[in-house]
Amino acid sequence: MMSPAPSRRPELLAAGAATVTVVLWASAFVSIRSAGEAYSPGALALGRLLSGALTLGVICLLRREGWPPRPAWRGILISGLLWFGFYMVVLNWGEQQVDAGTAALVVNVGPVLIAVLGARLLGDALPPRLVAGMAVSFAGAVTVGLSMSGGGGSSLLGVVLCLLAAVAYAGGVVAQKPALGHASALQVTTFGCLVGAVACLPFAGQLVHEAAAAPLPATLNMVYLGVFPTALAFTTWAYALARTTAGRMGATTYAVPALVVLMSWLVLDEVPGLLTLGGGALCLAGVAVSRSRGRAAAPEKAPEPRPTRAGRS
């Protein structure tokens, strides 16, 4: 069997990295449900970020990654504050105020904002397939959200917090993209996570107090969130983002609601209804459309980053 052509290999690796990301981010919703019962929003975010930063720091030392080049720091600082710090705190807080369906519905405004901001600030193209795929996926996310809504379980504060999380997520992604042109995916993720952890240090007292009383499964879920959905998934995300546009990567995350439905079914024994399954199918169909290309489509303007040092990811 012949191996893929060399020109296709980076694209296949990026697609594989994006797949790892969405699967682990979907699993995070199941873990947050357990950890959130014992930890407050800020403490949970700090514990997750500390676990992630420690894991990433060890890997960086083993790979001798070193410090990111100076031009990458602006994007790292902005994405660290917005996405790793602010986003995680307000999302944890918002999910305590609204039901899971409403949270998923509001947060899924994020990929639309990423596409718009990417086109406006980064010069990314908005091909018709991407726009059509995002429209289909967003309809699926709305369907999943409405089918999972608990009726009366939402508050205005919770909706606002989830909307703020979506804005922070979009801003963080768009800020991260230029940084990946100067530093490796591992460097950008490691130092972004560290920036987020430093920003969440005011919650250190809560974390210590709550960790002393928290059941072991909740603490293990918090550590899992740091090691896998944060350290691993954010790195594979950055790797894939460096090799495609922000809009296409944002559209990929519309697979998350469908995977959350499946994982809740398998892990939590929450049997989804037909409307939920239909919405999940729409999410996946939209992702497939958004990531497809016409035969005559030109390659995307997303050159592979070339950090200034060896050993990049």
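The next point concerns the overall build of the chain. Per the secondary structure count, the chain includes 13 helices and zero strands. When burial is assessed residue by residue, the chain has 50% of its 313 residues classed as buried. Counting contacts in the chain only where the partners sit at least 6 residues apart, residues at least 24 apart contribute 92% of the total.

So, on to the side chain of Thr236. For Thr236, the position within the fold is in helix H10 (residues 216–241). Among the polar contacts made by the side chain of Thr236, one reaches the side chain of Thr21 at a distance of 2.7 Å. For Thr236, the contacting residues outside a window of four places in its chain are Ala17, Val20 and Thr21.

Quick look at the packing of helix H5 (residues 110–122) against helix H7 (residues 156–179) now. Axis angle and axis distance: for two packed helices, these are the angle between their axes and the distance between the axes, and together they describe the pair. Contact geometry for H5 and H7: axes closest at 9 Å, N-to-C directions at 40°. Overall, the two elements H5 and H7 adopt an arrangement that is oblique. Of the two possible hands of crossing, H5 and H7 adopt the one that is right-handed. Of H7, the residues touching H5 (which contributes Gly110, Pro111, Leu113, Ile114, Leu117, Gly118, Leu121 and Leu122) are Ala166, Val167, Tyr169, Ala170, Gly171, Val173, Val174, Lys177 and Pro178. Residues that form the contact of H5 with H7 fall into these classes: 13 nonpolar, three polar and one charged.

With that settled, consider the nonpolar core. In terms of nonpolar packing, the biggest core is built from 70 residues, with Tyr39, Trp83, Tyr87, Val173 and Trp237 touching the most fellow members. Apart from residues no more than four positions distant in its own chain, Trp237 is found in contact with Thr21, Trp25, Trp83, Tyr169, Val173, Gln176, Met249, Gly250 and Thr253.

All right, on to the packing of helix H8 (residues 185–199) against H10 then. Following both chains from N to C, one finds H8 and H10 inclined at 135°, their axes separated by 8 Å at the closest point. Relative to H10, H8 is oriented oblique. Every pair of crossing elements has a handedness; the one defined by H8 and H10 is right-handed. Across the interface between the two elements, Ala185, Leu186, Thr189 and Cys193 from H8 touch Thr230, Ala231, Phe234, Thr235, Ala238 and Tyr239 from H10. Broken down by class, the residue content of the contact of H8 with H10 amounts to seven nonpolar, three polar and no charged.

A word on the confidence of the model for the chain. With 82% of its residues at a pLDDT of at least 70, the chain reaches an overall mean of 82. Across residues 295–304, where pLDDT falls below 50, the model places 13 contacts with residues more than four positions away in sequence or in other chains. In the model, residues 306–313 has pLDDT below 50 throughout and makes 25 contacts with residues more than four positions away in sequence or in other chains.

Bringing the environment of Val89 into the picture now. Position of Val89 among the secondary structure elements: in helix H3 (residues 73–97). Its relative accessible area of 14% is what places Val89 among the buried residues. The spatial distance from the C-alpha of Val89 to the C-alpha of Pro41 is 5.4 Å, given a sequence separation of 48 residues. Setting aside residues no more than four positions away along its own chain, Val89 makes contact with Pro41, Gly42, Ala45, Cys200 and Phe203.

There is a patch of nonpolar side chains on the surface, built from Leu262, Trp265, Leu266, Leu274 and Leu277 and spanning about 540 Å² of accessible area. Breaking the nonpolar patch down by element, the ones donating at least two residues are helix H12 (255–267) and helix H13 (274–290). Looking at which element gives the most residues to the nonpolar patch, the answer is H12, with three residues. Mapped onto the fold, Leu274 is located in helix H13.

What follows deals with the packing of aromatic side chains. One pair of aromatic rings is described through two measures. These are the centre distance and the angle between the planes. Under the criterion given, the structure shown has 13 aromatic pairs. A connected cluster of aromatic rings, assembled from ring pairs, spans Trp25, Trp83, Phe84, Tyr87, Tyr169, Phe234 and Trp237.

Phi at Arg64 is positive, roughly 55°, even though this residue is not glycine. If you trace the backbone, Arg64 turns up in the loop between helix H2 (41–63) and H3. Exposure remark for Arg64: the relative accessible area of 66% places this residue in the exposed category.

A complete count under the given rule lists zero disulfides for this structure. Left without a disulfide partner, Cys193 is nearest to the cysteine sulfur of Cys200, which lies 9.6 Å away. By relative accessible area, Cys193 is classed as buried at 0%.

The subject of this paragraph is the environment of Ala17. Mapped onto the secondary structure, Ala17 falls in helix H1 (residues 9–35). Each C-alpha atom, one on Ala17 and one on Leu232, is 9.8 Å from the other, the two residues being 215 residues apart in sequence. Discounting chain neighbours no more than four positions away, the residues touching Ala17 are Thr236, Tyr239 and Ala240.

The next thing to look at is H8. Here H8 spans 21 Å end to end across 15 residues, near enough to the 21 Å set by a 1.5 Å rise per residue. In terms of burial, H8 is largely enclosed, as 12 of its 15 residues are buried. Those residues of H8 hidden inside the fold are in contact with H2, H3, H7 and H10.

The rules we used
- Residues numbered from 1 in each chain as written.
- Predicted model: local features only at pLDDT ≥ 70, side-chain atom pairs only at ≥ 80, totals over all residues.
- Heavy atoms only, no water.
- Helix = DSSP H or I, 4+ residues; strand = E, 2+ residues; numbered from the N terminus.
- Buried < 20%, exposed > 50% of the residue type's maximum accessible area, 1.4 Å probe, protein only.
- Contact = heavy atoms within 4.5 Å.
- Polar contact = N/O pair within 3.5 Å; in protein donor to acceptor, adjacent residues only side chain to side chain.
- Axes fitted to C-alpha atoms, helices over the stretch in contact; angles between N-to-C directions.
- Parallel < 35°, antiparallel > 145°, perpendicular 65-115°, else oblique.
- Left-handed = near helix turned anticlockwise from the far one by under 90°.
- Nonpolar A, V, L, I, M, F, W, Y, C, P; charged D, E, K, R; others polar.
- Core = buried A, V, L, I, M, F, W, Y, C linked by side-chain atoms within 4.5 Å.
- pLDDT = per-residue confidence, 0-100.
- Patch = residues over 30% accessible without salt bridge, like charges linked within 9 Å, V, L, I, M, F, W, Y side chains within 5 Å.
- Areas by Shrake-Rupley, 256 points an atom, 1.4 Å probe, with all protein chains shown as cover.
- Salt bridge = Lys/Arg side-chain N within 4 Å of Asp/Glu carboxyl O.
- Phe/Tyr/Trp six-rings, centres within 6.5 Å; stacked < 30°, edge-to-face > 60°.
- Disulfide = S-S within 2.5 Å.
- Expected span 1.5 Å × (residues − 1).

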